[in-house]
Amino acid sequence: MSGMTPSNPFSLTKANDLSDDQIQELWVDIAPADSPDSLFSAGRFASPMPTFILGSKGSGKTHLMRYASFALQKKRFEKHRLGPLAGARADGYVGIYTLCSGLETGRFQGKGQSEEAWLEVFSYYLELSLGIAALAVIDDLLVEDIQNSIELRICTAVSRLFDFDPPSAKDIGSLIDELERRRRELDYQVNNAAFTGELAPNITASRGRLIFGIPQAFQNCSSDLGGFLFAYQLDELENLTEAQQKHVNTLVRDRRGPATLKIGARQFGIKTHATMSAGEENIRDSEFEELRLDLRFRRNEKTYRDLVALLVERRLQNFWPQSSTGLAGRSRRLSDWFEEPKRDPFDPFFVRLVKGVPSPQRPHMARLRDALADQLSRGGVRGVRNDQDIQAIMSAVAVPDAPLLEKLNTLLIFNAWAKGLDLAQTAASVRADCEAFVSTKGAGRYRQKLDHYKSDLIAQMFRDGTFRYNYGGLDEFTRMSEGQPRALITLLKQTFDWATFQGERPFEAGSISLDAESKGALAAADWFYNNMRKAGGEGQAILIAIDRLAELFRINRFADNPIECSLIGFSVSARVGSETSQRNLRLALDHSFLVEILGGQSERNSEQVTGKFQLNRMLVPKWGLATGRRGIKPLSEAEMNAIFDPRMGEAFEKVKADWASRMNAPFDRARRASKDMATRDVGESQDDLFGD
Amino acid sequence: MTFSAIEPMAHDYGLYLRQEIFGARGWQATDTYDLFLSAFNLGERTGEVYGRIEATEKVWLIHGEYGLSGSELPDDKKFEFASTDEAIYCKALIDGLLANGNLDVSRTRLCIDITGILRPHLMFITLYLKRLGIRVVDMLYAEPKHYALKEKTPFSTGSILEVRPVRGFEGASSMRGGKDFLAIGMGYDDRLLAAVAESKDKAEKHQVFGLPSLRADMYQESVLRSRRAADELGDPNFAETHRSFAPANDPFGTASVLSEVIQQRLTRGCDTSLMLCPLGTKAQALGFALYHIFEGDPLGARIVFPFSEGYSPKTGTGLARAWLYRVEL
């Protein structure tokens, strides 16, 4: 492997930090390249239909596009002993990779010139730049014997593409030199405009003439040169202004001949689909196709899991040869290197979590007892009239050997209390259910409740014991990465750092401790969160909204009676909320702080378009929230505005107080709330798990 | 006899005059000038220098980006202009001075205190003066005793509007190679740093730290700040090979270090597109501009900058030292 040997196999998180060789060697796909299911096929590089390759930061756009570019194609041709022309025909295309950021589009503005004037200049600049790139590829494609015979013909054909002042070059090298000279002249004019206030470029080729004309001219020269496309791969389109994107959209619309465009951009980087052809918009699947990388991964969890496992294995093979994991005949599965959080209620870990004290002294038992005693002084609650009743309930719920079940039992009592049920009767039935479960470990009502609430219950026990909640296991990390391979690599990078810092030997001996994994997850969450700080005002608004949302989810997670389990999701009608809050919700989605929930519960109220969203799971360790989403909380208009409008601080405090009061003993507002719920559109509310 | 290709000689920045005009020994006598320019902000440094320098005409530059209210502005002669574009702003300033006779390219003894001038403006002015044919300009830089909130001092405020080349320093893409290389003058503002590093995330980054720093603790503070942007910098191990050091108060030393860094990079691979981004002290920003004027421009290098909505009008407290740099263009 070329390049350096890092001290952490995951330290290179971005495709652009990788060399061409590394891109080639670290590339993994979910299916063979010629299979329609493969990522590579999904890029549709050999299809004339232009494609937008979209995805959030770190979803793998650049890796895919660079892998498909001519520089890497050539390496593969060599490997398969194919000449460049034969290789191009076999692939069906040549990829001409260009970074939009390299154009420095910020130069094409201001300086006392009109926007139209700058657009003309930008258009010509792009024409020259892509023309040069296409000619460079042609130069590489032509092996010597063909080159000599047709070079002049190509140059003549290309010179006819110019509106005036055609270049008189006799070979491709000189033609490239001439185009570069024109671009240099344009550079000078663009720069000089800042001093002179004047801009009078000599535009010798109009829009599309070179970009589409050069490939056509090339293939017209000989029948031997056909059979493949020139795919202009423009990466980082988000760096272009709206007007400049309009220009690119016009190229997409006017595409012709053996050339096409494959455009990479952040999801929110597409500012417009409008064109300059009488303002018409390009329509998806008519003028272009769209590949949304992270969506594709999130839609197909199994595929994504397989992909990231491969990706991690490949990293270890290349950067961590001392690793004793791997595909090549080594026995240990990748996931075995990661210590998993404890979830079995009979695991002695939970006795340690409550520090081994007897039932009555455990924090959750004290909390229930104190809450009931408090209520006694205020007139009691159904089934609880005196201290003996309290004592009877406490004995019924106690499970000395399995504190997690005991914790669940207290939650069931709180739940019955919130509903106004008789607590003595509830305690008896909880006891019976619990005993049946302990003896049979079988499925049933009790088991279902345990599974639903386990994450929240364990989180509460960690908090009671003043321990940091654990995140860990390859499955959990994969889930947290939300279809963004870079997010997973970042999680692993941070975890690896912590593990080695703590003296562990990750991927060599033992397992990576839960402690290192949890610290890694928290560091990765901080990284993700802090990325937003620099975005200024907009970023602030997103952070405020996300903090507020997380605060509410925390109230739910640590409540006596959470209204939803493992809550990190919400739903909201498209018509609900002020302009500001809707805008901030969109921004949070654009920046992947929130992600849209796919294939959630079906929409029962068909008259309203309701969006379902959740916190990006990369962030949840910041607040100790769950990584497995179960419940979705429908938000009212007031809640939506209080969360997503930064100016609504006071309103948010009220919402918080309202949530806390509904979910915690003595549940003063819970019954009123349940009446409210009855009159509300509850379509997407999670089924009440305790409504037997 | 054969001739081999001769390497272009690096510019010798050691010949320029750099003189301490305020320090442990108090204020030293300076020349008197025909015209003195300085940008107004709420730091003590700029006010003290403004009061100390003798000039026939003194003009305060008012930068809207500092967000100062009318009552905070000085009563002295000032230049205000409603454009944040450095080229438009500075051209209006200099062209105005030329038109009203305050500036005569061949005669005026000009002095500029760069302490408060925004970096893109400071660089553009320097280049514009050179293009006008001005031969010598004295530039002053006043060091703070310390930054107001140590390594937590906020410098830029509001949104970062864009990362783009500074007008006039836009380079030539025709000379660009396939690999991007970005030399960053490291400062305290990790927000700006993260913005530029992320915007140029495909580039190999080289960090030029201010060392010796203005004060002993400032280097550590700047390292602390830059660590926050480690991910965007793509340098998780904080590798030695990606770092250089240039004196924080020496533009000529900075230009000289940049020259070496770029030379070394081009020796490794000439197929390189060069970018510079000065986020350190104003003295270092001047050094970046000088390097570009004398050596970077012919290489097609460009100076990029993350433009922020606003800047904090007071970042440093007190005046520790002041320097005079005689810039010969």
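Since the model is a prediction, treat every value here as computed from it, not as a measurement.

A.B. asks: What am I meant to see in the confidence of the model for chain B here?
C.D. replies: Caution applies to low-pLDDT regions: their predicted coordinates should not be interpreted in detail. Averaged over all residues, the pLDDT of chain B equals 86, while 88% of them reach at least 70. A low-confidence stretch, residues 1–6 of chain B (pLDDT under 50), is modelled with zero contacts involving residues beyond four sequence positions or located in other chains.

A.B. asks: I tried to follow the environment of phenylalanine 124 of chain B on my own but got confused; where do I start?
C.D. replies: Residues and elements named next belong to chain B. Turning to its location among the elements, phenylalanine 124 is positioned in helix α3 (residues 119–132). Taking the C-alpha atoms as reference points, phenylalanine 124 and alanine 289, separated by 165 residues in sequence, lie 8.2 Å from one another. Contact partners of phenylalanine 124, with chain neighbours within four places excluded, come to Glu86, Ala87, Cys90, Val166, Arg167 and Gly168.

A.B. asks: Hey, could you run me through the sheet that holds strand β9 (residues 632–634) of chain A in this one?
C.D. replies: Hydrogen bonds between backbone atoms are what pair the strands of a sheet, whose relative direction is either parallel or antiparallel. Residue and element names in this part refer to chain A. A sheet is described by the order of its strands in space; here four strands give the open sequence β7-β8-β6-β9, paired in mixed fashion. Only two strands of the sheet have a single neighbouring strand rather than two, namely β7 (594–596) and β9. Ignoring which end each strand starts from, the neighbouring axes of this sheet average 35 degrees apart. In the sheet, β7 pairs with strand β8 (residues 610–615) via three bridges, with the strands oriented antiparallel. What sits directly across from leucine 594, in β8, is leucine 615.

A.B. asks: Help me understand the sheet that holds strand β1 (residues 51–55) of chain A in this model?
C.D. replies: Residues and elements named next belong to chain A. Ordered by their spatial adjacency, five strands build an open sheet running β2-β3-β4-β1-β5, and the pairing between neighbours is parallel. Where the open sheet ends on each side, the last strands, each with one partner, are β2 (93–99) and β5 (289–292). Going across the sheet, the axis of each strand differs from the next one's by a mean of 20 degrees, ignoring polarity. In the sheet, β2 pairs with strand β3 (residues 229–235) via seven bridges, with the strands oriented parallel. Counted as the bridge partner of glycine 95 is alanine 231 from β3. Strands β2 and β3 of the sheet are contacted by helix α6 (residues 115–141), whose axis makes an angle of about 140 degrees with β2.

A.B. asks: What is the right way to read helix α18 (residues 445–464) of chain A from this model?
C.D. replies: Residues separated by three or four positions in an α-helix point in the same direction, a consequence of the helix having 3.6 residues per turn. Residues and elements named next belong to chain A. For α18, with 20 residues, the first-to-last C-alpha span of 27 Å sits near the 28 Å given by 1.5 Å per residue. Bending of α18 peaks at approximately 60 degrees at the position of tyrosine 453. Among the residues making up α18, those that are buried are Tyr446, Lys449, Leu450, His452, Tyr453, Lys454, Ser455, Asp456, Leu457, Ile458, Gln460 and Met461. One or two residues past the end of α18 sits threonine 466, with phi positive at roughly 50 degrees.

A.B. asks: Would you explain the pairing of strand β6 (residues 569–573) of chain A in this entry?
C.D. replies: Residue and element names in this part refer to chain A. With respect to burial, β6 is a largely interior element, four of its five residues being buried. Here five bridges tie β6 to β8, and the two strands are oriented antiparallel to one another. Looking at the pairing, phenylalanine 570 lines up with phenylalanine 613 of β8. In this sheet, β9 lies alongside β6 in parallel orientation, the contact comprising three bridges. In the strand pairing of β9, glycine 569 is matched with isoleucine 632.

Criteria and thresholds
- Residues numbered from 1 in each chain as written.
- Chains lettered and ligands numbered in written order.
- Predicted model: local features only at pLDDT ≥ 70, side-chain atom pairs only at ≥ 80, totals over all residues.
- pLDDT = per-residue confidence, 0-100.
- Contact = placed C-beta atoms within 7 Å.
- Helix = DSSP H or I, 4+ residues; strand = E, 2+ residues; numbered from the N terminus.
- Pairing = 2+ DSSP bridges.
- Axes fitted to C-alpha atoms, helices over the stretch in contact; angles between N-to-C directions.
- Expected span 1.5 Å × (residues − 1).
- Bend = angle between axes of the 7 residues up to and from the residue.
- Buried ≥ 20, exposed ≤ 12 C-beta atoms within 10 Å, placed from the backbone.

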